[in-house]
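A look at the structure
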Amino acid sequence: MFWNCFTTFGFFPSVQPFSALPYGTATMHYVVLLTGLSYPAGCFLGMLYPKHSLLAIYTTTLLGTTLGGYIVLCALMSPLPPLVGANVGSLVIVTTWVLFTFILSYSKTMITVWICDYNAQQGMFWVGMATQAGAAAGALLNFALVNWADGLFNEC
């Protein structure tokens, strides 16, 4: 849960402009709009289809992290990420962002359901603690990288 919240709530919101804006303002608009829709869609799917196996949780977290790796690659290569001049580049980055958010929100929902089935009262406390700690750690790390690491993230 810590890692999923580190990425989706803490680290990646600040990376979003660096990864999507080089493809154009319309692409950035679609990334922001569709990512905002994919988060509740992933949570809703997690409530409809709560697969409680640890293998499913690990697999979805690994898949989401892999998609996040491509997003970070695009952000680090900004203002010239892969496929920046082609229409397919915009489609790839929008799809990657939507799938990244959808898959990790589904994974977070599965983790929450699994923990609460195991120990409802204390489980919710620890889910909340992991969520807040992960979001804070991700935001602090990215704040430091964006503002103090010269040349790491270039302006679009």
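Here the structure is shown first, and the text comes after it.
1. Things to note about the environment of T61
- On the secondary structure map, T61 appears in helix α3 (residues 54-76).
- A residue is classified by how much of its surface remains accessible, and T61, at 16% relative accessible area, is buried.
- With 54 residues separating them in the primary sequence, T61 and I115 have C-alpha atoms 16 Å apart.
- Not counting residues within four places of it along the chain, the set of residues in contact with T61 comprises W3, N4, L104 and S107.

2. Here's the deal with the side chain of S105
- You can see S105 is positioned in helix α4 (residues 87-118).
- Residue classification places S105 among the buried residues on the basis of a relative accessible area of 0%.
- Of the polar contacts made by the side chain of S105, one reaches the backbone oxygen of Y39; its length is 3.2 Å.
- Dropping the residues within four chain positions of it, S105 is found in contact with S38, Y39, G42 and C43.

3. Details of the environment of F153
- Among the secondary structure elements, F153 is positioned in the segment after α5 (120-148).
- Of the residues examined, F153 reaches a relative accessible area of 10% and is grouped as buried.
- Expressed as a C-alpha distance, the spacing of F153 and P79, which sit 74 residues apart in the sequence, is 9.1 Å.
- Discounting residues that sit within four places of it in the chain, F153 has contacts with V15, F18, A75, L76, N142, L145 and V146.

The rules behind each value
Counting of residues starts from 1 at the beginning of each chain's written sequence and follows it residue by residue. The predicted nature of this model means local features are confined to residues of pLDDT at least 70 and side-chain atom pairs, given and counted, to a pLDDT of 80 or more, with totals for whole chains, interfaces and linings taken over all residues. Excluded from the side-chain calculation are hydrogens and water; included are all heavy atoms of the structure. Only DSSP runs of H or I with at least four residues qualify as helices, and only runs of E with at least two residues qualify as strands; both kinds are numbered from the N terminus onward. Here's how the labels work: a residue is buried when its accessible area is under 20% of the maximum for its type, exposed when over 50%, partly exposed in between, all with a 1.4 Å probe on protein chains only. Should any heavy atoms of two residues lie within 4.5 Å, those residues are counted as being in contact. Identification of polar contacts relies on pairs of N or O atoms within 3.5 Å, with a donor-acceptor requirement for protein atoms, meaning one able to donate a hydrogen and the other able to accept it, and with residues adjacent in sequence counted only if both atoms are side-chain atoms.

By themselves, these figures tell us nothing about what the structure is for.
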